[in-house]
Amino acid sequence: GQQVMQIPQYQHVQEGEDFTTYCNSSTTLSNIQWYKQRPGGHPVFLIQLVKSGEVKKQKRLTFQFGEAKKNSSLHITATQTTDVGTYFCPWSDSWGKLQFGAGTQVVVTP
Amino acid sequence: NAGVTQTPKFQVLKTGQSMTLQCAQDMNHEYMSWYRQDPGMGLRLIHYSVGAGITDQGEVPNGYNVSRSTTEDFPLRLLSAAPSQTSVYFCASSSTGVGAGTGNTIYFGEGSWLTVV
């Protein structure tokens, strides 16, 4: 069944640096969503990408959907301490179960 | 608009006790689910429901029961609490058809921190 792998699972970033995290699917996706969970909080919707090659920006965050619609990336420019958290790209398997996986945990050091 | 409401926020149980985590949503969503989150393990699906009267198991269902008598409510029951069930529990809801592939946003409750001693 469909599965989305996120890499890396853990990212340690110096404040001010850029980094990228990826979601890779075993099958073609009709769309992909990204969620962010702050420490001690709950996951919150960030964005949805639908079109092949689509790029969307939210301030310092750039989201991209691959041309084949099987992968997506989140690039954060000039990381700030407010970027700390875990980023998820959930998927539905063939039985309709909504899976989140481990996500990418981002730690920012000043 | 309350969204997804979970209660209680914090709970301490003794081993062997039972309890129910409540979850209610006011968005008329068909899909509801429960996850547990442990350090380094991400969100693991316990049980889910695609509509009133329909429930199914997720990845880690043992020790938990659910029911869905109404569209709004999806309680999670711990039958006989064990220390391994110490975790943070999240309830989530979405319109029919969920997550990547459907376009429907997933809404989460604020979480319930459960400690079993």
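Within each chain, residues carry numbers counting from 1 in the order of the written sequence. For naming, the first written chain is A and the first written ligand is 1, with later ones following in the order written. Predicted model: local features are reported for residues with pLDDT of at least 70 only, side-chain atom pairs are reported and counted for 80 or more only, and whole-chain, interface and lining totals are derived from all residues. The basis for every side-chain value is the complete set of non-hydrogen atoms in the structure, without hydrogens or water.

Novice: Please explain the pattern of salt bridges as it appears in this structure.
Specialist: Between Lys or Arg on one side and Asp or Glu on the other, a salt bridge is scored when a side-chain nitrogen of the former is within 4 Å of a carboxyl oxygen of the latter. If you walk through the whole model with that rule in mind, you get five salt bridges over all chains. Across the salt bridge formed by Lys-56 of chain A and Glu-54 of chain A, the nearest N and O atoms sit 3.7 Å from each other. Residue classification places Glu-54 of chain A among the buried positions, given a relative accessible area of 17%. Residues joined by salt bridges that share partners form a network here, namely Arg-36, Asp-38 and Arg-44 of chain B. Relative accessible area decides the class of each residue, using a 1.4 Å probe on protein chains only: under 20% of the type maximum gives buried, over 50% gives exposed, and in between gives partly exposed.

Novice: I'm lost on the pairing of strand E4 (residues 31-38) of chain B in this one. Help?
Specialist: The side chains of a regular strand alternate, first on one face of the sheet and then on the other. All names here are of chain B. Starting at the N terminus, helices and strands are each numbered in turn, a helix being any DSSP run of H or I of at least four residues and a strand any DSSP run of E of at least two. Within E4, eight of the eight residues are buried, leaving the element largely enclosed by the surrounding structure. At least two bridges found by DSSP between two strands is the condition for calling them paired. As defined by bridge partners, E4 adjoins strand E9 (residues 87-94) across seven bridges and the pair is classed as antiparallel. Its bridge partner lying in E9, Tyr-31 is registered against Ser-94. Here E4 pairs with strand E5 (residues 42-51) via seven bridges, running antiparallel. Bridge pairing in E5 links Tyr-35 to Leu-45. Joining the antiparallel neighbours E4 and E5 is a turn of three residues, in which Gly-40 adopts a positive phi near 75°.

Novice: Just checking my understanding: could you explain the sheet that holds strand E3 (residues 19-25) of chain B for this structure?
Specialist: Across a sheet, paired strands are connected by hydrogen bonds in the backbone, their directions being either parallel or antiparallel. Residues and elements named next belong to chain B. With antiparallel pairing, four strands are arranged side by side in an open sheet as E1-E3-E8-E7. Two strands in the sheet have a free side with no partner beyond their single neighbour: strand E1 (4-7) and strand E7 (64-66). Across the sheet, the axes of successive neighbouring strands diverge by a mean angle of 20°, strand direction being ignored. Bridge analysis of E7 against strand E8 (residues 76-78) gives three bridges, and the strand direction is antiparallel. When the bridges of E8 are listed, Val-66 appears paired with Leu-76. Only the stretch in contact is used when a helix axis is fitted, and all axes are lines through C-alpha atoms; the angle between N-to-C directions ranges over 0 to 180 degrees.

Novice: Please explain the environment of Val-4 of chain B as it appears in this structure.
Specialist: Residues and elements named next belong to chain B. Looking at the element boundaries, Val-4 is found in strand E1. Spatially, the C-alpha atoms of Val-4 and Gly-40 are 25 Å apart, while their sequence positions differ by 36 residues. In this structure Val-4 touches Cys-23, Ala-24, Gln-25, Met-27, Cys-91, Ser-93, Tyr-107, Phe-108 and Gly-109, once residues within four positions along its chain are discounted. We call two residues in contact when some of their heavy atoms are within 4.5 Å.

Novice: Before we go on, may I ask you to explain the pairing of strand E12 (residues 104-109) of chain A in this structure?
Specialist: Residue and element names in this part refer to chain A. Side chains Thr-104, Val-106 and Val-108 of E12 all project onto a buried face; the interleaved residues Gln-105, Val-107 and Thr-109 project onto a face where none is buried. Where strand E2 (residues 10-14) lies against E12, five bridges are found, and the strand directions are parallel. The residue of E12 that forms the bridge with Gln-14 is Thr-109. Across three bridges, strand E9 (residues 85-88) lies against E12 in antiparallel orientation. Across the sheet, the residue bridging to Gly-85 is Val-106, located in E12.

Novice: Which parts of the structure should I look at to understand the interface of chain A and chain B?
Specialist: Size of an interface: often given as the accessible area lost when the parts come together. Listed per partner, the contact involves 24 residues of chain A and 25 residues of chain B. By buried area we mean how much accessible surface two parts lose on assembly, using a 1.4 Å probe and totalling the loss over both. Carbon and sulfur atoms make up 55% of the surface buried where chain A meets chain B, a total of about 1900 Å² over both sides. Among the residues of chain A in contact with chain B, His-42, Lys-97 and Leu-98 of chain A are the three that bury the most area, contributing 28% of the side total. Where chain A touches chain B, the interface holds zero salt bridges. Contacts described as polar in this section are N or O atom pairs within 3.5 Å, which, within protein, must combine one atom able to donate a hydrogen with one able to accept it, while residues neighboring in sequence count only if both atoms come from side chains. Where chain A touches chain B, the interface holds three residue pairs in polar contact (both at pLDDT 80 or more). Elements represented by at least two residues in the side of chain A that touches chain B include exactly strand E4 (32-37), strand E5 (44-49), strand E10 (91-92) and strand E11 (98-99) of chain A. Ranked by residues supplied to the side of chain A that touches chain B, first place goes to E4 of chain A with four residues. In this classification, the charged set is Asp, Glu, Lys and Arg, the nonpolar set is Ala, Val, Leu, Ile, Met, Phe, Trp, Tyr, Cys and Pro, and all remaining amino acids, among them Gly, are polar. Class assignment of the residues belonging to the side of chain A that touches chain B gives a composition of 11 nonpolar, 12 polar and one charged.

Novice: Just checking my understanding: could you explain the layout of surface pockets for this structure?
Specialist: Unoccupied space between atoms shows up once a probe the size of one water molecule is rolled over them. In this model, the largest pocket occupies a volume close to 460 Å³. As for the largest pocket, its lining consists of 27 residues, of which Thr-86 and Gln-105 of chain A together with Gln-37, Pro-39 and Gly-40 of chain B are closest to the centre. When contributions to the lining of the largest pocket are tallied by element, the ones reaching two or more residues are E9 and E12 of chain A together with E4 and E9 of chain B. When the residues that make up the lining of the largest pocket are grouped by side-chain class, the tally is 12 nonpolar, 13 polar and two charged. Of the pockets and cavities examined, the second largest pocket occupies roughly 220 Å³. As for the second largest pocket, its lining consists of 15 residues, of which Gln-3, Trp-91, Phe-100, Gly-101 and Ala-102 of chain A are closest to the centre. At the level of elements, strand E1 (4-7) of chain A together with E5 of chain B are the ones that each hand at least two residues to the lining of the second largest pocket. For the lining of the second largest pocket, the element with the highest residue contribution is E1 of chain A, accounting for three residues. Buried and open spaces are told apart on a 1 Å grid over the protein atoms alone, a cavity being a set of points where a 1.4 Å probe fits but cannot get out and a pocket being an open set with protein on both sides within 12 Å along at least five of seven lines. Residues with an atom within 4 Å of a point are the lining residues. Grid points are joined across faces, edges and corners, and a volume is the space filled by probe spheres set on the points.

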